[in-house]
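Residue-level structure breakdown
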Amino acid sequence: MTGSELGRYIIRRLLQTVPVVLGVVVMNFLLLQLAPGDLATVLAGEAGGAPKEYIDQLRQRFGQDQPVLVQLFNYLRNIVFLDLGYSFRQSAPVLDLLLARLVPTLLLMGATLIVSLGIGVLTGVLAALWVRTWKDHLVSVAAIVFYATPLFWVGLMLILLFSIHLDWFPTSGMEDVVAFHEGWARVVDIAHHLVLPTITLSLFYLALYARLMRASMLEQRGLDYVTTARAKGLTDRQITTRHVFRNALLPVVTMAGVQFGGLLGGSVVVESVFAWPGLGQLAYQSLFARDFNLLLGIFFLSSCLVVTVNLVVDLVYVVLDPRIRIG
Amino acid sequence: MRSFRQRFLGNPRVALGLAWLGLVVAVALLADVLAPKDPFAIVGAPFAPPAGDFVLGTDSLGRDVAAGLIHGARTTMLIAVLSTLAAVGFGAIVGAVTGYYGKLVDDVLMRTTEFFQTIPSFLFAIVLIAILSPSAVNLVIAIATVSWPPIARVVRGEVLAVRSREFVQAAVVAGQRDSAILVTQVLPNTLSPLIVTGSLLVATAILFESALSFLGLGAPNQMSWGFMIGAGRSFMREAWWLVMVPGVAILLTVLAINLVGEGLNDALNPRLADL
């Protein structure tokens, strides 16, 4: 594959993401229209009631007296300029609030991806090597149990065991704010806080990847190229690590990309259990403040993240697997 | 080759799953007989430990945990089953129409399906309920809205495979209307993957419902397992059973449905079962 082909593929793939992002924006707008009571009535209600003239004036100021299509156009134009609206509860632009919470969430996502993919793939490979032994059954049973466990409950159980009874890990937050750690001490502190949320969010995906990797390894092991490799005189170990493993990994990578949206959804629950100061916790807070601008902003940003991750996975795929034609 | 019944019921995992599911469904149906009092009623001292006056203890307000569990089974199962039925119905229609008509309809509807698969589904459900306001009906709507795409894909694939077969062409020649062909000829042939995917969806719906109720977005005035965990989480230090008991109930029920769903899959596709 030449560089320019890859460049053209990237551009085409980028263009494909436009309708999705646009769709999310339009849907956000429609949902805002559905929301009970517009901003003007909410603000007026909070002030303890207001005369009708004042409400009309507020509507005019927010552009809510315009026809719906004009409002939609304004909404789209604002999004293009990265103006996601204003959170009247937090008295700050939505974008600023989101950016402040993005890093903790990405940290949690990244740690979860590494743990779930790393341990999941390893477990899947081992289970495939031990196929039909008691160890393989043990892995299968563990995977099917983790697969059925609600995330928030795992989080609470881990807190019960490791924070309340054993006192090994902190129950909540991202760092010990009153300790004023700096440099490496701060990194260690954050890592210490990261352990339980990461395990909680990882378990489900770990189980998923382990099952998929096991099935994928077993499927690949029966293919012709393995026979060829064996005929060439390669050892079992070489066949497994150089051939079977690499091919078996591809569906798992795809699945990891597909599951990223689910991971973000799970982070809402996990962040609210562990008071992790990320986007999920912000979503939880905005729910009860009925701060729809903020909630929809989070939904928009999360959708953009998912689209970006899918794009990256597709590109990684093309680079990894020369059989995939991009014509 | 053994019969479907033997392959399905002879599987010990399926038998275990069906036994637990049967229990949960029976409890859900008989909730008013087993626990005639309102599960929100205060019946004793708060934080009574299990195995005392109350089998599963009482919560922070002195409500009976066992009664909550029984009525929670009804709420959780009802919402999960209804939202799955709605998702299966809608997904099957979309899948059948896209697969049958192809071309532009297929393009438009499949792009829409992909769109719904791309956006983060749990967040979308949260947004929907936050805006529609929490209620049992809106929970069903939200969960169904985020879970129909896999059904549409499965049905579309099956319809594409069946569409060009002779018996469908015969129906076309015989002058049957499109809708009649879809319902009487094509859809019955997509049933087995539909049943498998649908049964696994119930498990996902239970997880969604409990997570939403845990976050406080559940149906108000309806006891549910997720709500019980959310209400008990602040008292974990003193009363572990408030979180443990409903959590185990969710875990076992989801596990049971997954076991039965996979058993169905193995029994319907015996050639794949050995993989």
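The rules behind these values
- Residues numbered from 1 in each chain as written.
- Chains lettered and ligands numbered in written order.
- Predicted model: local features only at pLDDT ≥ 70, side-chain atom pairs only at ≥ 80, totals over all residues.
- Heavy atoms only, no water.
- Helix = DSSP H or I, 4+ residues; strand = E, 2+ residues; numbered from the N terminus.
- Buried < 20%, exposed > 50% of the residue type's maximum accessible area, 1.4 Å probe, protein only.
- Contact = heavy atoms within 4.5 Å.
- Areas by Shrake-Rupley, 256 points an atom, 1.4 Å probe, with all protein chains shown as cover.
- Arc of directions from axis to C-beta.
- Domains from an automatic or database assignment.
- Buried area = accessible area lost by both parts, 1.4 Å probe.
- Salt bridge = Lys/Arg side-chain N within 4 Å of Asp/Glu carboxyl O.
- Polar contact = N/O pair within 3.5 Å; in protein donor to acceptor, adjacent residues only side chain to side chain.
- Nonpolar A, V, L, I, M, F, W, Y, C, P; charged D, E, K, R; others polar.
- Patch = residues over 30% accessible without salt bridge, like charges linked within 9 Å, V, L, I, M, F, W, Y side chains within 5 Å.
- Axes fitted to C-alpha atoms, helices over the stretch in contact; angles between N-to-C directions.
- Parallel < 35°, antiparallel > 145°, perpendicular 65-115°, else oblique.
- Left-handed = near helix turned anticlockwise from the far one by under 90°.
- Phe/Tyr/Trp six-rings, centres within 6.5 Å; stacked < 30°, edge-to-face > 60°.
- Core = buried A, V, L, I, M, F, W, Y, C linked by side-chain atoms within 4.5 Å.

Of regular secondary structure, chain A possesses 13 helices and 2 strands. With the principal axes as the frame, chain A shows a C-alpha extent of 85 × 60 × 40 Å. Classification of the 327 residues of chain A by burial places 43% in the buried group. The long-range share in chain A, meaning contacts at least 24 apart out of those at least 6 apart in sequence, stands at 75%. Surface accessibility of chain A: about 16,900 Å² in total, with carbon and sulfur atoms responsible for 65%.

All right, on to helix 9 (residues 178-186) of chain B then. Residue and element names in this part refer to chain B. Turning to helix 9, its buried residues are Ile181, Leu182 and Val186. One face of helix 9 carries all of its buried residues, which in axial projection span an arc of 100 degrees. Lining the buried residues of helix 9 we find helix 4 (65-101), helix 7 (136-163) and helix 8 (166-173).

Further remarks concern the domain arrangement of chain A. Residue and element names in this part refer to chain A. As assigned here, chain A comprises domain 1 (3-94) and domain 2 (96-320). Taking only C-alpha atoms, the centre of domain 1 and the centre of domain 2 are 32 Å apart. Contact with domain 1, which involves 26 residues of that partner, is made by 23 residues of domain 2. Carbon and sulfur atoms supply 72% of the area buried between domain 1 and domain 2, which totals about 2,200 Å² over both sides. On the surface where domain 1 and domain 2 come into contact, there are 1 salt bridge. Across the salt bridge formed by Arg13 and Asp314, the nearest N and O atoms sit 2.7 Å from each other. There are 4 residue pairs in polar contact (both at pLDDT 80 or more) connecting domain 1 and domain 2. Breaking the side of domain 1 that touches domain 2 down by element, the ones donating at least two residues are helix 1 (3-34), strand 1 (86-87) and strand 2 (92-93). With 14 residues, the single largest contributor to the side of domain 1 that touches domain 2 is helix 1. Taken together, the residues of the side of domain 1 that touches domain 2 break down into 19 nonpolar, 5 polar and 2 charged.

Before going further, it helps to spend a moment on the interface of chain A and chain B. Each side of the interface is counted separately: chain A has 46 residues, and chain B has 38 residues. Counting the surface lost from both chain A and chain B, the interface buries some 3,800 Å², and carbon and sulfur atoms represent 81% of this. On the surface where chain A and chain B come into contact, there are 1 salt bridge. Close ionic contact of B:Glu262 with A:Arg211 constitutes a salt bridge, the shortest N to O distance being 2.8 Å.

The next point concerns a nonpolar patch on the surface. Residues and elements named next belong to chain B. A cluster of nonpolar side chains, Val25, Leu29, Leu30, Val33 and Leu34, forms an exposed patch at the surface whose accessible area comes to about 490 Å². Only helix 2 (12-29) and helix 3 (31-34) provide two or more residues apiece to the nonpolar patch. As for its position among the elements, Val25 is in helix 2.

This paragraph deals with the packing of helix 12 (residues 279-288) of chain A against helix 13 (residues 292-320) of chain A. Working note: a packed helix pair is described by the angle between its axes plus the distance between those axes. Residues and elements named next belong to chain A. Two elements in contact, helix 12 and helix 13, have axes separated by 9 Å at closest approach and are oriented at 150 degrees. Compared by their axis directions, helix 12 and helix 13 come out roughly antiparallel. Considering how the two elements wind past one another, helix 12 and helix 13 form a crossing that is left-handed. Where helix 12 approaches helix 13, its residues Leu279, Leu282, Ala283, Ser286 and Leu287 are matched on the opposing element by Leu294, Leu295, Ile298 and Leu301.

Here the distance between the centres and the angle between the planes together describe a pair of aromatic rings. Summed over all chains, the structure comprises 13 aromatic pairs over all chains. Aromatic pair A:Tyr205 and A:Tyr209: ring centres 6.4 Å apart, planes at 35 degrees, arrangement tilted. Of this pair, A:Tyr205 and A:Tyr209 both sit in helix 8 (residues 184-221), separated by 4 residues, roughly a single helical turn. The buried category is assigned to A:Tyr209, whose relative accessible area is 2%. What links up through ring pairs into an aromatic cluster is the set A:Phe299, B:Phe90, B:Phe115, B:Phe116, B:Phe124 and B:Trp148.

Turning to the nonpolar core, a few remarks are in order. Judged by nonpolar contacts, the single largest core of 162 residues is most densely connected at A:Leu98, A:Phe152, B:Phe122 and B:Phe124. Looking at this core, the element that brings in the most residues is helix 12 (residues 241-268) of chain B, giving 15 residues.

On to the side chain of A:Ser163, then. Tracing the chain through its elements places A:Ser163 in helix 7 (residues 151-165). Among all residues touching A:Ser163, those that are not within four sequence positions of it are A:Leu158, A:Phe169, A:Pro170, A:Thr171 and A:Leu196.

All names here are of chain B. Considering all chains together, one arrives at 8 salt bridges over all chains under this definition. In this structure, the salt-bridge partner of Arg156 is Asp106, at a minimum N-O distance of 2.8 Å. Taken together, the positions of Arg156 in helix 7 and Asp106 in helix 5 (residues 103-118) put the pair 50 residues apart, joining distant regions of the chain. We classify Asp106 as buried; its relative accessible area is 13%. Three or more residues joined by partner-sharing salt bridges are found here, namely Asp107, Arg111, Glu114 and Arg153.

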